[in-house]
Each structure stands twice: as C-alpha cells, then as structure tokens.
Amino acid sequence: MTDFMDSIFSRNELYWGEDFQKYLSSLKIAVFGLGGVGGFTLEALARAGISHFLIVDFDTVSKTNINRQLIALNSTIGYKKTELFKQRLLDINPDIKLQIYDEFYSEKENEKIFCKDYTLENIDFIVDAIDTVKSKIELIKFAKLHNINIISSMGAGNRMDAAKLFVSDISEIQTLGGIKDSFIKNILHKLKKYAEIESGLTVVTSSEKPHNIRKIKTIETIKADDGLSVEYTKFTPASTPVVPAVAGYLMADYILKTCYNKFFNKQA
C-alpha cells in the first residue's frame, strides 16, 4: 500500500484504476492557446496523467494576464507561455513528452505543427482555446476535415458567473441561451459559411449576458517564423479570475469523461 501511495497518480487510480491510468498516459492532446482557458485545461489533463502534449501559443506573459492565467506572475512577465508551461508540466510529471510550436496559429502552419511524433493519426483530442476568430475557424475546420476530436471554447470573456457556463453541441447554443454576444454569433456565422459546420462540434460557452464597461480595440502585428508579419485586430474583453479557469476545467472534464466512457465501453 505504501508503494502504491508513492505514485503521483495514486488518487486518480483509486477512482478509475491502474488500467485506465495507463491508457491516459498513452493519449496525445493538442492544446491551442495557453491563456486563461487553455492553461487550466492543459494542467488538469497533465495532473490526470496524460503525458503527450502538443502545445501551441505565440504569446508572452503580460501584466494584464496575472488576474487569471496559471503561469502569469510578476516574475514571469515577458517570458514565453510555451516555455513556462514546459517547466511547469515537467515539474508535475517528469515523464511528460512535449512538442512545442511557439508561433501564431493559422491554417498555413498545419503542416509544420502536425509533424514528427504528432501526426494527424496520433492526436486523440484538440483543445481550441484560441481567441482570434479567423484562427479558431481554421483550426475547427482542419480538425473536422481530418476527423480529430475537438472541443472549443466560446465564451469566457466579459463574464463573471461561472455557474452559467455549459458544455453542449454547437447546434444547441441558441436553445440553451448561449448566443448573446457578437463573438459567438460571428463564429457561428463563419463556421457555417466557410466550413459548413452547424452541428457535431462540442463547445464550452455561457448563457450569461456579456458585460464590458469599456471597448478596447487594437491592431497587433505578429512576426511568423518565415519572416512575414501577420496583422490582426484584437478586441480586448473584460476577464474575471474564475470564469476562464472553470471553462478550462470543463473542457478537461469533457475530454476525461469522453476517454473514460470510450475505454470502459471498449473493455465491456
């Protein structure tokens, strides 16, 4: 019993057993976006025992991230989020294998991102925690085209009530009261127009009416690894500490429950 309790995942195994724990360690998860939502999703999956990750984010920590992001501290301002998560995940589980892509995501990067050990066939789930509409649409379209499981975040900004977050199919958002802001409406419209997607996509969103006392719009320029610059318009949402974290945990929860049900149905 003493040896069993020395395992970092022993408490997990008390719930779902050693066989499922080993199964989790074989899964490969791609996480796009390591901000408030994606960071909590990633860490929860690592603490569950998943040990193969592809992480994608171009950004560095800023002072405005500190209110809601796991790796955002005064001491980490200016550091790459991918490198900070690498250090953090390996401190949780030294056996974790990471592929890092430290660039702004767009569809033209797919060939570079899904390479080496992380071929399309090896990705079990994609976590979409991207907050740029065009990139989000391109990632979802790519995942659906290649039949990769994906869960997408659609509503952590401009909200305070974590109890109003929910997981659903994208076709159910309007019925469940989760289509109250222009961001979601824009995504739904573009998914239908450019990817012919109106259902079959799992999302985490909110039925809370969004609130923001000030509208901030900026034009940002990102230099890609090919030397070209990518310019995009950024609308800065209000963001509270709890909602992004809970949205991230809901995404991790959905992935774990999906894998749990698949594994034990297969064993039956």
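Given the structure is predicted, the values throughout are model-derived calculations rather than measurements. (Residues numbered from 1 in each chain as written. Predicted model: local features only at pLDDT ≥ 70, side-chain atom pairs only at ≥ 80, totals over all residues. Heavy atoms only, no water.)

1. A look at the pairing of strand β5 (residues 150-153)
Here's step 1: Along β5, one buried face is formed by Ile150 and Ser152 and the opposite face, lined by Ile151 and Ser153, is buried too.
Here's step 2: Note: strand β4 (residues 125-128) against β5, three bridges, orientation parallel. Each residue of the ladder has a partner; that of Val127, found in β5, is Ile151. (Buried < 20%, exposed > 50% of the residue type's maximum accessible area, 1.4 Å probe, protein only. Helix = DSSP H or I, 4+ residues; strand = E, 2+ residues; numbered from the N terminus. Pairing = 2+ DSSP bridges.)

2. Some details on the nonpolar core
Nonpolar side chains in soluble globular proteins tend to end up buried together.
Here's step 1: Ranked by size, the top nonpolar core spans 41 residues in total, and within it Leu24, Ile29, Leu42, Leu45, Ile50, Phe53 and Ile255 carry the most contacts.
Here's step 2: Tallying contributions element by element places helix α8 (residues 242-267) first for this core, with eight residues.
Here's step 3: Ignoring anything within four residues of it in the chain, the contact list for Ile50 reads Leu24, Ser25, Leu27, Ile29, Leu45, Ile96 and Leu256.
Here's step 4: Listed in part, the 30 residues of the second largest apolar core include Leu139, Ile148, Ile184 and Leu188. (Core = buried A, V, L, I, M, F, W, Y, C linked by side-chain atoms within 4.5 Å. Contact = heavy atoms within 4.5 Å.)

3. Examining the environment of Gly178
Here's step 1: Checked against the element boundaries, Gly178 lands in the loop between β6 (165-169) and α7 (182-195).
Here's step 2: Separated by twelve residues in the primary sequence, Gly178 and Phe166 have C-alpha atoms spaced 8.7 Å apart.
Here's step 3: In this structure Gly178 touches Phe166, Ile173, Ile184, Thr205, Ser206 and Ser207, once residues within four positions along its chain are discounted.

4. A short note on the sheet that holds strand β3 (residues 97-101)
Here's step 1: Spatially, seven strands are ordered β3-β2-β1-β4-β5-β7-β6 in an open sheet, and the strand pairing comes out mixed. Among the strands making up the open sheet, the edge pair consists of β3 and β6. Geometrically, the sheet is characterised by an average inter-axis angle of 15° between neighbouring strands, direction not taken into account.
Here's step 2: Relative to strand β2 (residues 52-56), strand β1 (residues 28-32) runs parallel, the two being bridged by five bridges. Each bridged residue has a counterpart across the sheet, and for Ile29 the counterpart in β2 is Phe53.
Here's step 3: Strands in contact with helix α3 (residues 36-48) are β1, β2, β4 and β5; relative to β2, the strand with the most contacts, it is inclined by about 170°. (Axes fitted to C-alpha atoms, helices over the stretch in contact; angles between N-to-C directions.)

5. Some words on the pairing of β2
Here's step 1: The element β2 is largely enclosed, with a buried count of four among its five residues.
Here's step 2: As a crossover connection, the stretch from β1 through α3 into β2 is right-handed.
Here's step 3: Strand direction decides the pairing type here: β2 and β3, joined by five bridges, are parallel. Its bridge partner being in β3, Val56 is matched across the sheet by Tyr101.
Here's step 4: On the question of chirality, the crossover connecting β2 to the parallel β3 by way of helix α4 (residues 81-92) is right-handed. (Right-handed = clockwise from strand over helix to strand, strands pointing away.)

Function-wise, these values are silent; they only describe arrangement.
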